Amino acid sequence: MAENRKGLHLNRDRQTTLVAVIVVVQAIAAVFFVGDAIGDVAESGITPHIVLEALIAFALLTGTFLGAWHIRELLAEAQRREQALAVAQGALAQHITARFGDWGLTAAESDVALFALKGCDAAEIARLRGAAQGTVRAQLSQVYAKAGVTSQAGLVSLFLEDLL
């Protein structure tokens, strides 16, 4: 999960850098065209062509500033959402720990139950924990009994119900 989040950060950082480069290029182009329009006015006076050029340069400059402002707002919103998600993930972890405590699960049963919540079957849990499948099945039976359910789906549904 943390590895995936790191990849998302890198991807977002690259996208942010690309957008920043584009905004800088747009700003340079806008400044160039505004300067060119001012130079043309000083050289030739105001003509319909120069007025049109100046309007286009102004529109480019305005679009650049508004685009940069909007991108900044979008990045700030993305950061707020990421922080809210981190809080929610932490809250879910605390909720799971509290439920396991309420049920009186042992440390081993808590580990097994967490793997079950993540969708692992008994064989996979046994492999991950370095335990015998029979031991894991017995621990899962204890977890289900203490939680008042009869299956892995029932265990998962308890937490989904809490979230909803």
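Here the structure is a predicted model, which is why all the values come from computation and not from measurement.

Describing the side chain of E109
Part 1 of the reasoning: Topologically, E109 is positioned in helix 3 (residues 107–117).
Part 2 of the reasoning: With relative accessibility at 7%, the residue E109 sits in the buried group.
Part 3 of the reasoning: Those residues in contact with E109 that sit more than four places away from it in its chain are G104, Q139, Q142, V143 and K146.

Section: the packing of aromatic side chains
Part 1 of the reasoning: Evaluated as defined, the whole model comprises 4 aromatic pairs.
Part 2 of the reasoning: Measuring from ring centre to ring centre gives 6.0 Å for F100 and W103, while their planes differ by 40°; the resulting arrangement is tilted. Separated by 3 residues within a single helix, F100 and W103 lie in helix 2 (residues 48–103), roughly one turn from each other. W103 shares its class with F100; the two are buried.
Part 3 of the reasoning: Ring pairs connect the aromatic residues F100, W103 and F159, which therefore count as one cluster.
Part 4 of the reasoning: Over the ring of F159 we find R99, and its NZ or CZ is 5.8 Å from the ring centre.

Some thoughts on the confidence of the model for the chain
Close inspection of predicted coordinates is inappropriate for parts of the model with low pLDDT.
Part 1 of the reasoning: For the chain, the mean per-residue pLDDT works out to 85, and 93% of the residues sit at or above 70.
Part 2 of the reasoning: By mean pLDDT, the top-scoring element of the chain is helix 5 (residues 133–147) (95), and the lowest-scoring one is helix 1 (residues 2–44) (77).

Let's talk about helix 4 (residues 122–129)
An α-helix turns once every 3.6 residues. As a result, residues three or four positions apart point the same way.
Part 1 of the reasoning: Along helix 4, the residues classified as buried are A122, I125 and A126. One side of helix 4 holds all its buried residues, which, seen down the axis, span an arc of 100°.
Part 2 of the reasoning: In this fold, the buried residues of helix 4 make contact with helix 3 and helix 5.

Some thoughts on the side chain of D40
Part 1 of the reasoning: Within the secondary structure layout, D40 lies in helix 1.
Part 2 of the reasoning: Despite its burial, D40 pairs with no opposite charge; the closest candidate is R72, at 32 Å N-O.
Part 3 of the reasoning: Once residues lying within four places of it in the same chain are set aside, the contact partners of D40 are G45, I50 and E53.

Here's the deal with the pattern of salt bridges
Part 1 of the reasoning: For the structure on display, the rule yields 5 salt bridges.
Part 2 of the reasoning: Residue E109 is joined to K146 by a salt bridge in which the shortest nitrogen-to-oxygen separation is 2.7 Å. Of the two residues, E109 sits in helix 3 while K146 sits in helix 5, which places them 37 residues apart along the sequence.
Part 3 of the reasoning: When its relative accessible area of 30% is taken as the criterion, K146 is described as partly exposed.
Part 4 of the reasoning: A network of salt bridges, in which partner residues are shared, links E77, R80 and R81.

Concerning helix 5
Part 1 of the reasoning: If you check helix 5, its first and last C-alpha atoms are 21 Å apart, about what 15 residues at 1.5 Å a residue would give, namely 21 Å.
Part 2 of the reasoning: For helix 5, the full list of buried residues reads V136, Q139, L140, V143, Y144 and A147. For helix 5, the angular spread of buried residues about the axis comes to 140°, placing them on one side.
Part 3 of the reasoning: Positive backbone phi, at 80°, marks G148, one or two positions downstream of helix 5.

The rules behind these values
- Residues numbered from 1 in each chain as written.
- Predicted model: local features only at pLDDT ≥ 70, side-chain atom pairs only at ≥ 80, totals over all residues.
- Heavy atoms only, no water.
- Helix = DSSP H or I, 4+ residues; strand = E, 2+ residues; numbered from the N terminus.
- Buried < 20%, exposed > 50% of the residue type's maximum accessible area, 1.4 Å probe, protein only.
- Contact = heavy atoms within 4.5 Å.
- Phe/Tyr/Trp six-rings, centres within 6.5 Å; stacked < 30°, edge-to-face > 60°.
- Lys NZ or Arg CZ within 6 Å of the ring centre and 35° of its normal.
- pLDDT = per-residue confidence, 0-100.
- Arc of directions from axis to C-beta.
- Lys, Arg positive; Asp, Glu negative; His and termini not counted.
- Salt bridge = Lys/Arg side-chain N within 4 Å of Asp/Glu carboxyl O.
- Expected span 1.5 Å × (residues − 1).

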